[in-house]
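Residue-level structure breakdown
Spelled out, the chains give:
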Amino acid sequence: MSETAEQVSKVSAESGVRLIGRIKWFDTVKGYGFVVPESVEGMVLNQDVMMHVSCLRDYGENSADEGARIVCDIVERERGWQVLNIIEMDRPKTAVLRDRGEAMVFERAVVKWFNAAQGFGFVNRMGDPADIFIHISVMRKAGLDTLETGMELDIVTGSGQKGENVLFIKK
């Protein structure tokens, strides 16, 4: 049996524990992200759970929005808790807009600061001092390698758990 077939049969033999939580972040370039548990069947879990892009693809999506609600099965493996499969998840906001045939409304913004090592920063709408959070995963989805202070961007925003954040950047 090949290593891949062996892994597939091992995964299909695993039974997971049901988790309800929220997406902490997901980076499509890295191919993984994390889920913050809100409730886990039969146990208390006080750590984030890693989610690989393959789980999203098996569910029919390629990305996940910060703060999106998720119901999934998880398993404990050598490197910690991981999502085994997704039962239910809020659709990514950009996918919902696209499916409805609605155009995304872009706004002009300027980068206030961005720290690539930390993976986040803030932008401001032109003439508006209110900070809008931007995660490195959004930047990478747009194919951008770096963001510099003062750089102008066309963005789509939305509400996350911690306030307004950038959902999409137009190249």
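1. Comments concerning the overall build of the protein chain
Across its full length, the protein chain carries 4 helices and 10 strands. In sequence order, the secondary structure elements of the protein chain are arranged as α-β-β-β-α-β-β-α-β-β-β-α-β-β. Looking at the protein chain as a whole, 39% of its 171 residues are labelled buried.

2. Observations concerning the confidence of the model for the protein chain
Here the protein chain averages 85 in pLDDT, and 87% of its residues register 70 or above. Within the protein chain, the lowest mean pLDDT, 44, falls on helix α1 (residues 3-13), and the highest, 97, falls on strand β3 (residues 49-52).

3. Let's talk about the nonpolar core
For soluble globular proteins, the rule of thumb is that nonpolar side chains tend to be buried together. Among the nonpolar cores identified, the biggest contains 20 residues, and I23, M51, I74 and V83 are the most heavily contacted of them. A per-element tally of this core places strand β5 (residues 80-89) first, with 4 residues. If we ignore the near neighbours within four places in the chain, the residues touching I23 are F34, V35, M51, A64, D65, E66, G67, A68, I70 and M89. Residues V138, A142, L147 and V166 belong to the second largest nonpolar core, which totals 15 residues.

4. Thoughts on the pairing of strand β7 (residues 120-125)
Relative to β7, strand β6 (residues 107-115) is paired through 6 bridges, and the arrangement is antiparallel. Within β7, the residue paired with N115 across the bridge is F120. Here β6 hands over to β7 after 4 residues, with G119 in that stretch at a positive phi of 85°. Hairpin connection, β7 to strand β8 (residues 131-135): the antiparallel pair is bridged by 5 residues, and G127 has positive phi, about 75°.

5. Digging into the pattern of salt bridges
Throughout the structure, instances matching the rule amount to 11 salt bridges. Across the pair D73 and R18 runs a salt bridge whose closest N-O atoms are separated by 2.7 Å. Placement of D73 in strand β4 (residues 69-77) and of R18 in strand β1 (residues 17-27) is noted, with a sequence separation of 55 residues between them. The class of D73 is buried, set by a relative accessible area of 11%. Assessed through its relative accessible area of 35%, R18 is described here as partly exposed. Where D154 meets R108, a salt bridge forms, and the shortest distance between an N and an O atom there is 3.1 Å. Of this pair, D154 sits in strand β9 (residues 152-160) while R108 sits in strand β6, and the two are 46 residues apart along the sequence. Overall, the relative accessible area of 22% leaves D154 in the partly exposed class. Shared partners join several salt bridges into a network, and the residues in it are E107, R125 and E164.

6. What to know about the environment of K112
In this fold, K112 is placed in strand β6. Residues K112 and E148, 36 residues apart in the sequence, show an inter-C-alpha distance of 8.4 Å. With residues near it in sequence (within four places) discarded, K112 still touches F122, V123, N124, D131 and T149. Engagement of the side chain of K112 in a polar contact is seen with the side chain of D131, the distance being 3.0 Å.

Thresholds, definitions, all that
Residues numbered from 1 in each chain as written. Predicted model: local features only at pLDDT ≥ 70, side-chain atom pairs only at ≥ 80, totals over all residues. Heavy atoms only, no water. Helix = DSSP H or I, 4+ residues; strand = E, 2+ residues; numbered from the N terminus. Buried < 20%, exposed > 50% of the residue type's maximum accessible area, 1.4 Å probe, protein only. pLDDT = per-residue confidence, 0-100. Core = buried A, V, L, I, M, F, W, Y, C linked by side-chain atoms within 4.5 Å. Contact = heavy atoms within 4.5 Å. Pairing = 2+ DSSP bridges. Salt bridge = Lys/Arg side-chain N within 4 Å of Asp/Glu carboxyl O. Polar contact = N/O pair within 3.5 Å; in protein donor to acceptor, adjacent residues only side chain to side chain.

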